[in-house]
Amino acid sequence: MPNLNSSFSHLNHRYLFSLISEKIKPFQHLDLVNLGIGDIARPLLKPIADAISLAVYEMTSLETIRGYGPETGYSFLKKAILKDEYQKFGFCEDEIFISEGINPEITVFHELFQAPLKVALQDPSYPAYYDTHVIAGTIDSVNRPCFLNTNHDLGFYPELPNEKVDLIYLCSPNNPTGAALTKKELKKWVDYALKNESIILYDGAYEAFITSEDVPRSIFEIENSKKCAVEFRSFSKSAGFTGLRCGYTVCPIDINFSKMNLNQLWTKYKTIRSNGVSYPIQRGAEKTFDPQIQVALKEQIQSYLKQTKYLKTALNEMGLETFGGTDAPFIFLKTPQSYNSWQFFDFLLEEFGIVVVPGSGFGQHGEGYVRLSGLITEATFEKAKIKFETLVKSGLYEAHH
Ligand code: PLP
């Protein structure tokens, strides 16, 4: 009998979002307002759907049928990605890897490295980074990660480690705090990584939501970052692809360790582990770069940001303390003093039918907050506003503040 991977038993909690789904099940009959998981709320643009359909129909003809595609993605999509942004940093097609989204890439990228690994994680941050290292056995009770305090007192910017680390997971704009690293802050990390021979795994899932002038869209805007960073991008939130699945990873050819090249290893990894992303989906992703579609997608992002801003302003006007919401569709709401994150989650759900995500689910420095998603429609915002107004008027919030 084979032994099962015992590292799974060290995952001492259920995956955050499945736990939340479970918790809200008994309340489904209520008129819930979901500000929780942060999935998209707006439909796919029709021309993108048309591009996908057309590509599906190509499969029905002997002349245009496509079988297995290139493992690292079709050239047409790589070209569109390069033209849109990465060409100006000097990248080429071999450095662009088409993926099924950020999650399936960033959770396995560490397999290119040899254990033991010192892993640095923002606290709070997207929980999949931590969990995947626990499963791999590169984080356990002995090999603890270096948690980068990213709390309110630090303006939600992560604190540089005071030890040498191997892998650094940075997410900007950040899930869950909504804070985004400025050029000056990000440069500190590139300098640290170059000095300590660390690799930065840069999660840019919310890049499309950046509005601040001093916030870089890509880590490659920082000088010399090509020697120490890998960037992960996705069409999930920027183009409504959470259900279609497509993204890309930018892995520079300039990173070498002990005579091995990171880009070559990742290429090898992809050829072994992947048979490529579906051709129609890559055609759909290509369509997102069409100038007219870009305008429509920007409008979609703006409408999400508008709802986020309305929600944040409404909460602030009610006297509630919020953070984020400027460069990301997330608002980090301070819980009333007598509630921890989970208690406030339960309270909002049970008493008011509001679904949020407890900040502590993203790490201990997320304690005392809940995350609200602004990936919502106007109707959801209106409902949320009324519910929060009722909550504040009831005096319950005040009583616990
Ligand atoms: N990274 C962060 C920070 C996220 O919040 C999410 C999704 O919520 C992902 C990655 C997953 O993105 P994808 O849909 O591209 O797998």
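In case you missed it, the structure is sitting above this.
Before going into details, it helps to say that this report is about the structure given with it. (Residues numbered from 1 in each chain as written. Predicted model: local features only at pLDDT ≥ 70, side-chain atom pairs only at ≥ 80, totals over all residues. Heavy atoms only, no water.)

## A short note on the sheet that holds strand β15 (residues 369-373)
Sheets are built from strands paired through backbone hydrogen bonds, the pairs being either parallel or antiparallel.
So, step 1. Ordered in space as β11-β12-β15-β14, the four strands form an open sheet in which the pairing is antiparallel. Of all the strands in the sheet, just β11 (322-324) and β14 (357-358) have a single pairing partner and so form its edges.
So, step 2. In this structure, β11 lies alongside strand β12 (residues 330-334), joined through three bridges in antiparallel fashion. From the neighbouring strand, T322 faces β12, where its bridge partner is L333.
So, step 3. Of the strands in this sheet, β11, β12 and β15 touch helix α10 (residues 291-317), which is tilted by about 155° from β11. (Pairing = 2+ DSSP bridges. Helix = DSSP H or I, 4+ residues; strand = E, 2+ residues; numbered from the N terminus. Contact = heavy atoms within 4.5 Å. Axes fitted to C-alpha atoms, helices over the stretch in contact; angles between N-to-C directions.)

## Re the nonpolar core
So, step 1. Grouped together as the largest cluster of nonpolar side chains are 47 residues, with contacts concentrated most on L77, Y86, I168, I200, F235 and C246.
So, step 2. The residues touching L77, leaving out its near neighbours within four places in the chain, are I98, F235, C246, Q282, A285, E286 and F289. (Core = buried A, V, L, I, M, F, W, Y, C linked by side-chain atoms within 4.5 Å. Buried < 20%, exposed > 50% of the residue type's maximum accessible area, 1.4 Å probe, protein only.)

## Thoughts on helix α11 (residues 341-352)
Quick reminder: α-helices carry 3.6 residues per turn. Residues three or four places apart thus point the same way.
So, step 1. For α11, spanning twelve residues, the distance from its first C-alpha to its last is 16 Å, which sits close to the expected 16 Å at 1.5 Å a residue.
So, step 2. Those residues of α11 that fall on the buried side of the exposure criterion are S341, F344, F345, F347, L348, L349 and F352.
So, step 3. Sitting at the amino-terminal end of α11 is N340, which places a side-chain oxygen 3.1 Å from the backbone nitrogen of W342.
So, step 4. Downstream of α11 by one or two residues, G353 has phi in the positive range, about 65°. (Expected span 1.5 Å × (residues − 1). Polar contact = N/O pair within 3.5 Å; in protein donor to acceptor, adjacent residues only side chain to side chain.)

## Thoughts on empty space enclosed by the protein
So, step 1. Enumeration according to the criterion identifies one cavity of 30 Å³ or more in this entry.
So, step 2. Considered as a void within the structure, the largest cavity measures approximately 40 Å³ in volume.
So, step 3. Every residue along the wall of the largest cavity is listed here: Q122, T150, F156, Y157, P158, C171, S172, N174, A179, A180 and L181.
So, step 4. Residues that form the lining of the largest cavity fall into these classes: seven nonpolar, four polar and no charged. (1 Å grid on protein atoms, 1.4 Å probe; cavity = no way out; pocket = protein on both sides within 12 Å on 5 of 7 lines; lining within 4 Å. Points joined across faces, edges and corners; volume = space filled by probe spheres on them. Nonpolar A, V, L, I, M, F, W, Y, C, P; charged D, E, K, R; others polar.)

## Considering the sheet that holds strand β3 (residues 119-123)
So, step 1. Strands sit in the order β2-β8-β7-β6-β5-β3-β4 across an open sheet of seven strands; the sheet is mixed. At either end of the open sheet lies a strand with only one pairing partner, and these are β2 (96-99) and β4 (146-149). For this sheet the average axis-to-axis angle between neighbouring strands, irrespective of direction, equals 20°.

## Some points on the site of the ligand
So, step 1. Around the ligand, 15 residues are found, and the nearest of them are I102, D203, Y206, S234 and S236.
So, step 2. Within the side chain of S234, an N or O atom sits 2.6 Å from an oxygen atom of the ligand.
So, step 3. S236 places a side-chain nitrogen or oxygen 2.6 Å from an oxygen atom of the ligand.
So, step 4. If the ligand stood free it would expose 400 Å²; the protein chains cover 91% of that surface.
So, step 5. Of all elements in the fold, only α4 (103-106) and α7 (236-239) reach the threshold of two or more residues within the shell around the ligand. (Near = heavy atom within 4 Å. Areas by Shrake-Rupley, 256 points an atom, 1.4 Å probe, with all protein chains shown as cover.)

## Overview of the pattern of salt bridges
So, step 1. Taken as a whole, this structure holds 17 salt bridges when the rule is applied.
So, step 2. Salt-bridge contacts for E22 lead to K25; the nearest nitrogen and oxygen are separated by 3.4 Å.
So, step 3. The exposure class of E22 is partly exposed, given its relative accessible area of 41%.
So, step 4. What emerges from the salt-bridge pattern is a single network uniting E85, E207, R217, E231 and R233. (Salt bridge = Lys/Arg side-chain N within 4 Å of Asp/Glu carboxyl O.)

## Quick word on the packing of aromatic side chains
So, step 1. Applying the stated criterion to the full structure yields 35 aromatic pairs.
So, step 2. With a centroid separation of 5.5 Å and an interplanar angle of 70°, the aromatic rings of Y126 and Y129 are classed as edge-to-face. As far as the burial class goes, Y126 and Y129 line up, both buried.
So, step 3. Arranged with centres 6.3 Å apart and planes meeting at 50°, the rings of Y206 and F209 form a pair that is tilted.
So, step 4. Note on Y206: relative accessible area 6%, which makes it buried.
So, step 5. According to the relative accessible area criterion, F209 is buried, its value standing at 0%.
So, step 6. By the ring-pair criterion, three or more aromatic residues cluster together here, those being Y86, F89, F91, F220, F235, F241, Y248 and F289.
So, step 7. Just above the ring of F76 sits the side chain of R283; from NZ or CZ to the centre is 3.7 Å.
So, step 8. It is K334 that lies over the ring of Y369; its NZ or CZ is 4.7 Å from the centre. (Phe/Tyr/Trp six-rings, centres within 6.5 Å; stacked < 30°, edge-to-face > 60°. Lys NZ or Arg CZ within 6 Å of the ring centre and 35° of its normal.)

By themselves, these figures tell us nothing about what the structure is for.
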